[in-house]
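Observations on chain architecture
Listed here are the chains, written in short residue letters.
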Amino acid sequence: MLHTVQISKIKSLPAGTQVIDITIKSSEPPWNIFAPTWEMVNDFKAGKISENAYTKQYMELMRTRYPRNKSIFRQLIQKALQNNVALACYCEPGEICHRHILKDIFLTIDPRLEYVPEPVPPRIEQFVLF
């Protein structure tokens, strides 16, 4: 089964889940091929690019990396078909995040994958008292 998770919430995953860090900050080979670039992350955080632009850039990055790294994509898919695997990064649940884009890519490559959605906390609306 394929999961997505914020790194700070890893303990909420089922026991034995293999956590795969896909961040630009702390991922390690071979999984670092799934990380966005620093430029993409910084531009998005600074508001220089929209969610739509970030998504398009990340999709293009994965299209570029896929041909040279097809075996790594397949390796992760195979792991997720056999066991619990979680794509992990630092973004808050419910926010635009490359882990969700990557999850969709994996589900497109192999529709046999089962995805377990991560819990998204309800948005707390702030009221102006005065």
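Bear in mind that the values here come from a model prediction, so they are computed numbers and not experimental data.

**Looking at the pattern of salt bridges**
If you walk through the whole model with that rule in mind, you get four salt bridges. Of the charged contacts in the structure, one is a salt bridge between E118 and R99, with a shortest N-O distance of 3.0 Å. Here E118, found in the segment after β4 (115-116), pairs with R99, found in helix α3 (residues 98-109); they are 19 residues apart in sequence, far enough to count as distant. For the pair formed by E118 and R99, the shared burial category is buried.

**Description of the side chain of H3**
Within the element layout of this structure, H3 appears in strand β1 (residues 2-6). The exposure class of H3 is buried, given its relative accessible area of 6%. A distance of 2.9 Å separates polar atoms of two side chains, one belonging to H3 and the other to N84. Those residues in contact with H3 that sit more than four places away from it in its chain are L13, P14, T17, N84, V85, A86, L87, Y115 and V116.

**A word on the nonpolar core**
Soluble globular proteins tend to bury their nonpolar side chains together. In this structure, F34, Y58, M62, L76, L102 and F106 are the most contacted members of the largest nonpolar core, which totals 24 residues. For this core, the secondary structure elements donating two or more residues are α2 (51-82), β3 (85-89) and α3. It is α2 that provides the largest number of residues to this core, a total of nine residues. Discounting chain neighbours no more than four positions away, the residues touching Y58 are F34, A35, P36, M40, H98, I101, L102 and I105.

**Some words on the packing of α2 against α3**
Contact geometry of α2 with α3 gives a least axis separation of 10 Å together with a crossing angle of 55°. By the angle between their directions, the pair α2 and α3 is classed as oblique. By crossing handedness, the relation of α2 to α3 is classed as right-handed. Residues Y54, T55, Y58, M59, M62, Y66, F73, R74, L76 and I77 of α2 form the contact with α3, whose participating residues are H98, I101, L102, I105, F106 and I109. Residue composition of the contact of α2 with α3, grouped by class: 13 nonpolar, two polar and one charged.

**Here's the deal with the layout of surface pockets**
To find the voids left in a structure, one rolls a probe of water-molecule size over its atoms. As a volume, the largest pocket reaches approximately 320 Å³. Lining the largest pocket are 17 residues, with V41, K45, Y90, C91 and H98 sitting closest to its centre. With five residues, the top contributor of residues to the lining of the largest pocket is helix α1 (residues 38-45). A breakdown of the residues in the lining of the largest pocket according to their chemical character gives eleven nonpolar, three polar and three charged. Lining the second largest pocket are 13 residues, with T4, S12, L13, E118 and P119 positioned closest to its centre. The biggest single contributor to the lining of the second largest pocket is β1, with four residues. In terms of residue class, the lining of the second largest pocket is built from seven nonpolar, four polar and two charged.

The rules behind the values
- Residues numbered from 1 in each chain as written.
- Predicted model: local features only at pLDDT ≥ 70, side-chain atom pairs only at ≥ 80, totals over all residues.
- Heavy atoms only, no water.
- Salt bridge = Lys/Arg side-chain N within 4 Å of Asp/Glu carboxyl O.
- Helix = DSSP H or I, 4+ residues; strand = E, 2+ residues; numbered from the N terminus.
- Buried < 20%, exposed > 50% of the residue type's maximum accessible area, 1.4 Å probe, protein only.
- Polar contact = N/O pair within 3.5 Å; in protein donor to acceptor, adjacent residues only side chain to side chain.
- Contact = heavy atoms within 4.5 Å.
- Core = buried A, V, L, I, M, F, W, Y, C linked by side-chain atoms within 4.5 Å.
- Axes fitted to C-alpha atoms, helices over the stretch in contact; angles between N-to-C directions.
- Parallel < 35°, antiparallel > 145°, perpendicular 65-115°, else oblique.
- Left-handed = near helix turned anticlockwise from the far one by under 90°.
- Nonpolar A, V, L, I, M, F, W, Y, C, P; charged D, E, K, R; others polar.
- 1 Å grid on protein atoms, 1.4 Å probe; cavity = no way out; pocket = protein on both sides within 12 Å on 5 of 7 lines; lining within 4 Å.
- Points joined across faces, edges and corners; volume = space filled by probe spheres on them.

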